[in-house]
Amino acid sequence: MTSPEAPTAIERVFYPSSPEPWGRRALLSPLTLVSWTYAAAVHVRGALYDAGLLRAERVEGLKVISVGNVNVGGTGKTPAVLHLAEQLVQAGRKVGILTRGYGRASREPLTFLGTEPLPSSEFAGDEPLLLARRCPQVRLFVGSDRVSSAYRARDEFGLDTVLLDDGFQHRRLARDEDFVVVDESVGLGNGHMLPRGPLREPPASLRRATLFWLRAPATAAESAVLPLTKAEDTLGGWLPSSPGIPRVRTRYRPTAWVDPEGNLHPVSALTGQPVFALAGLARPGGFLKTLQALGTDVRNAALFPDHHRFTADELRDVQARAARQGGRVVTTEKDAVRLPPGFEAWVVRLGVEVLEGESHLRRALGLEDAPRGL
């Protein structure tokens, strides 16, 4: 069995639960030098935007809400985007999501609704398909030129609001709001920039945020093993001159199981049942802990890199191993969209619960006078 408490090598480096020993620091010193070079390049680009030498383009008449982070992978942006889209749609907004479609095979710009025939994950990316399936009223725009996508959203489809997925570093499109997602279970990690640590920008860049979306630990197991610095302390320490940035605290919880036929079942449906976990995530430990919290008997796991495209041989091996151990294959919603038709897996569906700061969130979305969300 793969232990939920056993982090990957990247997780051990990026998110240490105790001070790194001298030997590991010395071993990783070449990565530190590379991270300094990367940090210098990021600093120069940011300075050009801050000085106005590089300018963000504003699409008039379109509200742009960016949802991003400073960590690479695994903080929980997709559930945040989904929750925001649902709230905006319920309030009567005409909503689109602008996304690059990370890992897709095509560079051709795509746009689609969840109510239309959907492209394959190979050509659209897994996260856009997940968003389209879960929020079919929202139009997806997939492509690297998100300024062009914003104009299309306004001019061709008459949308009034777009969510800029993974947009904190995409400064070419001006935005009305900059939401930054931080997972309290890991904070900002070891504080280093790529490739020595998980940061895509220095912590000082958080001053650009207009709202912090804090993801609280979902289980007691996650709460019990926190890194050196919690997100709240980390943010407070790095933002002494920006105490006015509002914070919304959320928790992601399983809301249902989806069986291979697409039927919904209560979260207790697989309690005590043997399962075989399949995932391609940046930080798979959270998924395994979720399965543990749901009371499943995790017999083993097949874990792959983030956005991994499962091959036929890999999936046959997963099915054979699951059959030998008598367990159902279970996976995440993001991984499920990359599975071929006919591959049988149960999918755990997550929902967002706002614990604190809902008034800040509604104000930032412009929903103060709209009906309350679900």
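Quick caveat, the model's predicted, so the values are computed rather than measured.

Next up on the list: the confidence of the model for the protein. The predicted model of the protein averages 90 in pLDDT, with 89% of residues at 70 or higher. Counting interchain partners and residues more than four positions distant, the pLDDT-below-50 stretch residues 223-232 has 24 contacts.

Mapped onto the elements of the fold, Leu281 is located in the loop between strand S10 (274-280) and helix H10 (285-293). Sequence spacing of Leu281 and Gly73 is 208 residues, and the spatial spacing of their C-alpha atoms is 8.3 Å. When neighbours within four sequence positions are excluded, Leu281 is seen to be in contact with Phe287, Phe304, Pro305, Asp306, Thr332, Lys334 and Asp335.

Attention shifts here to unusual backbone geometry. Cis geometry is adopted by the peptide bond preceding Pro195, which originates at Leu194 and carries an omega value of 0°. Along the polypeptide, Pro195 turns up in the loop between strand S6 (177-183) and strand S7 (211-216). Of note, the phi angle at Asp166 is positive, near 55°, even though the residue is not glycine. Of note, Asp166 is situated in the loop between strand S5 (161-165) and S6.

With 5 of 5 residues buried, S5 is to be regarded as a mostly interior element. Residues of S5 alternate between two faces, with Thr161, Leu163 and Asp165 on one and Val162 and Leu164 on the opposite face, all of them buried. Across 5 bridges, strand S1 (residues 63-68) lies against S5 in parallel orientation. Paired with Val67 across the two strands is Asp165, which belongs to S5. Pairing of strand S2 (residues 95-99) with S5 involves 4 bridges; the strand directions are parallel. Residue pairing across strands places Val95 opposite Thr161, the latter belonging to S5.

Counted according to the given criterion, the structure contains 22 salt bridges. Between Glu127 and Lys334 there is a salt bridge, with its nearest N and O atoms 3.6 Å apart. Taken together, the positions of Glu127 in helix H6 (residues 126-134) and Lys334 in helix H12 (residues 333-336) put the pair 207 residues apart, joining distant regions of the chain. Residue classification places Glu127 among the buried residues on the basis of a relative accessible area of 16%. Relative accessible area serves as the criterion here: at 13%, Lys334 is assigned to the buried category. A salt bridge links Asp297 to Arg299, with the nearest nitrogen and oxygen atoms 2.7 Å apart. Judged by relative accessible area, which is 36%, Arg299 ranks as partly exposed.

Criteria and thresholds
Residues numbered from 1 in each chain as written. Predicted model: local features only at pLDDT ≥ 70, side-chain atom pairs only at ≥ 80, totals over all residues. Heavy atoms only, no water. pLDDT = per-residue confidence, 0-100. Contact = heavy atoms within 4.5 Å. Helix = DSSP H or I, 4+ residues; strand = E, 2+ residues; numbered from the N terminus. Buried < 20%, exposed > 50% of the residue type's maximum accessible area, 1.4 Å probe, protein only. Pairing = 2+ DSSP bridges. Salt bridge = Lys/Arg side-chain N within 4 Å of Asp/Glu carboxyl O.

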